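Each chain, letter by letter, is given below.
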Amino acid sequence: MGIRTGKLFLMVVFFVSSILCKEAKIGHRLLSQKGVLIKNAIEGEPFLLEISVQDANLITAFKIGNLEQFKVRDFRRITNQSIVNGIKTETKSFTYSLVAEKTGNFEIGPVTIKADDNIIVTDPFEVLVKERSTNEPFKNSAEPRALLKMFIDSKNKIFVGQKIPLKVRFYYNSDEINCEAVSEVRSDDFNFFSYSGPYEGYETVENQTFKYLEWTYNIFAKKPGKLTLPEIDASYNVARQDDMYTTVLRMFGAALERKTVNSKPLSFQVFDIPEVPGFEGAIGKFTDLVLTATGDKFSQASPIILKLQIIGDGNFENLKWPKLKLPEAFRVTESKNYFDDANNKITFEYILQGLEAGNYKVGPHEIIFFNPEAEKFGSIKSNYLSLEILSQTKKMYC
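Residues numbered from 1 in each chain as written. Predicted model: local features only at pLDDT ≥ 70, side-chain atom pairs only at ≥ 80, totals over all residues. Heavy atoms only, no water.

(A) Spotlight on the overall build of the protein. On a plain count of helices and strands, the protein comes out with one helix and 31 strands. Put simply, of all contacts in the protein between residues at least 6 apart along the chain, 70% involve residues at least 24 apart. Accessible surface, the protein: about 22,500 Å² in total, of which carbon and sulfur atoms supply 48%. (Helix = DSSP H or I, 4+ residues; strand = E, 2+ residues; numbered from the N terminus. Contact = heavy atoms within 4.5 Å. Areas by Shrake-Rupley, 256 points an atom, 1.4 Å probe, with all protein chains shown as cover.)

(B) Highlighting the sheet that holds strand β9 (residues 104-108). Read from one edge to the other, the open sheet built from three strands follows the order β4-β12-β9, with strand pairing classed as mixed. Every other strand in the sheet has two partners, leaving β4 (41-42) and β9 as the edge strands with one partner each. Examined bridge by bridge, β4 and strand β12 (residues 125-130) share two bridges and lie parallel to one another. Opposite Ala 41, over in β12, you have Val 129 as the bridge partner. (Pairing = 2+ DSSP bridges.)

(C) Region of the structure containing the packing of aromatic side chains. For the structure shown, the criterion picks out 23 aromatic pairs. With centroids separated by 4.9 Å and ring planes inclined at 75°, the aromatic side chains of Phe 159 and Phe 370 adopt a geometry described as edge-to-face. Of the two residues, Phe 159 is situated in strand β14 (residues 158-159) and Phe 370 in strand β29 (residues 366-371); the sequence distance between them amounts to 211 residues. The exposure classification of Phe 159 matches that of Phe 370, with both residues buried. Feature note: the residues Phe 159, Phe 271, Phe 279, Phe 370 and Phe 377 constitute an aromatic cluster, connected by ring pairs. The ring of Phe 271 carries Lys 157 above its face, with NZ or CZ at 4.7 Å from the centroid. Here the basic side chain of Arg 169 rests over the ring of Tyr 212, its NZ or CZ set 4.0 Å away from the ring centre. (Phe/Tyr/Trp six-rings, centres within 6.5 Å; stacked < 30°, edge-to-face > 60°. Buried < 20%, exposed > 50% of the residue type's maximum accessible area, 1.4 Å probe, protein only. Lys NZ or Arg CZ within 6 Å of the ring centre and 35° of its normal.)

(D) Fine view of the pairing of strand β10 (residues 111-115). A one-sided burial pattern is seen for β10, the buried positions being Val 111, Ile 113 and Ala 115 and the unburied ones Thr 112 and Lys 114. The sheet contact formed by strand β6 (residues 59-64) and β10 spans five bridges and is antiparallel. By the bridge assignment for β10, Ile 64 is matched with Val 111. In terms of strand pairing, β10 meets strand β11 (residues 118-121) through four bridges, oriented antiparallel. Paired with Ile 113 across the bridge in β11 is Ile 120. If you look at the hairpin formed by β10 and β11, you'll find two residues sitting between the two strands, and Asp 116 has a positive phi there, around 55°.

(E) Quick peek at the pattern of salt bridges. This structure, assessed with the given rule, holds 14 salt bridges. Between Arg 29 and Glu 50 there is a salt bridge, with the nearest N and O atoms lying 2.7 Å from each other. Placement of Arg 29 in strand β3 (residues 24-31) and of Glu 50 in strand β5 (residues 47-54) is noted, with a sequence separation of 21 residues between them. A residue is classified by how much of its surface remains accessible, and Arg 29, at 18% relative accessible area, is buried. A relative accessible area of 11% means that Glu 50 is categorised as buried. It is possible to trace a salt-bridge network through shared partners that takes in Lys 39, Lys 167, Arg 169, Glu 203 and Glu 214. (Salt bridge = Lys/Arg side-chain N within 4 Å of Asp/Glu carboxyl O.)

(F) Structural context of unusual backbone geometry. Residue Pro 110 is reached from Gly 109 by a cis peptide bond, and omega for that bond is 5°. Assignment of secondary structure puts Pro 110 in the loop between β9 and β10. Of note, the amide linkage connecting Gly 197 to Pro 198 takes the cis form, showing an omega dihedral of 10°. Take Pro 198: it is sitting in strand β17 (residues 190-205). Non-glycine residue Glu 206 carries a positive phi angle of around 55°. Position of Glu 206 among the secondary structure elements: in the loop between β17 and β18 (208-221). For Ala 301, which is not glycine, the phi torsion reads 70° and is therefore positive. Among the secondary structure elements, Ala 301 is positioned in the loop between β24 (297-299) and β25 (303-314).

(G) Seen up close, the sheet that holds strand β19 (residues 225-229). One open sheet holds the three strands; their spatial order is β14-β22-β19, and the pairing between them is mixed. The open sheet terminates on both sides in strands that have one partner only, identified here as β14 and β19. As paired strands, β19 and strand β22 (residues 266-271) are joined by five bridges and run antiparallel to one another. In the strand pairing of β22, Thr 228 is matched with Ser 267.

(H) How the structure looks around the side chain of Lys 167. One can find Lys 167 in strand β15 (residues 164-172). Separated by 2.9 Å, the side chains of Lys 167 and Thr 216 make a polar contact. Those residues within four positions of Lys 167 in sequence are excluded, and the remaining contacts are Lys 39, Lys 149, Met 150, Phe 151, Asp 153, Glu 214, Trp 215 and Thr 216. (Polar contact = N/O pair within 3.5 Å; in protein donor to acceptor, adjacent residues only side chain to side chain.)

(I) How the structure looks around the nonpolar core. Core analysis: the biggest nonpolar cluster contains 33 residues, and Leu 166, Val 168, Phe 170, Val 185, Phe 190, Leu 229 and Phe 268 have the highest contact counts within it. Within the residue set of this core, elements represented by two or more residues are β13 (146-152), β15, β16 (177-182), β17, β18, β19, β20 (233-239) and β22. Apart from residues no more than four positions distant in its own chain, Val 185 is found in contact with Met 150, Leu 166, Val 168, Phe 192, Tyr 217, Leu 229 and Ile 232. (Core = buried A, V, L, I, M, F, W, Y, C linked by side-chain atoms within 4.5 Å.)

So, in structure tokens, the structure goes:
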């Protein structure tokens, strides 16, 4: 199964900032007029802001703060339904066609909706607007050509278990070229998790300006040594010369020349991490560790939801469950974890039970991590919690 794309309709993986309230999820993304993901807007050029609400049956109110900073050209609302493995998902999209009349960083939001009698409010987010280029960035070539490349977006050493940003780019020098599919990157030497894209951009290759579509994979090396990612391929089509005959044929796909382009294999050195007591595989730059519970007084043997939140930039997808240091009177069960990519944090949720009445101190918890850029170890320490476990014969009062 490969990545499928096209000029009029793009299938993309949706990894965006979101907020969860029961089962409703809100996300945003920026798109070009052609529907391709973009990282920033250009001064004076139209772009699309799409707000998506997933799994909300009835939306009775919708509002976006600070949208007056842009000129609103158009607005449309679309509802899409999908069924995967028997599970039905409904997404409502609110799409604005906007124009920024000046450059800078603009804060949009919060997004507020009333869905199924619940009020959901997201955090604000920023939109970067860059200056329009005075030079024509792209001109169609008389000889349509496509390239495919893989590369690592890092100049530092790469270590086992570290999150590696693998970029895949499909380059084309003519709008007559339409990318149909890019094969998946696969190797037994790596773990593959999420990918995002495609994003659109420009780059000069061999003294010629190409457009490109870019996907980013998060991959993790399983072992040290010189590792190689095998070549991948992309299938694309090229429209034939325009005339009345070929225009009619193109409507049925008959005036398209189908081609394939291959990347080169990608090889790079992966290093092992030295053994240090207490290190359990956290790799990156972590800044904070927060311990919370659903209260401070609980009946004996009743469930206590305890959350450990790790904040920073690191290998969240590959992290092991942290081992909590708890008094012997507690029983612990690992419940679930969830990753918030937009805010660079992961939350591990545990269910505790205090089996004996008394006052207890939980934490502080410490995580030792390896910083691959500095090539040294660091640590973060959480707060502690004071919990009172009440005897079953003792009542709790509000």
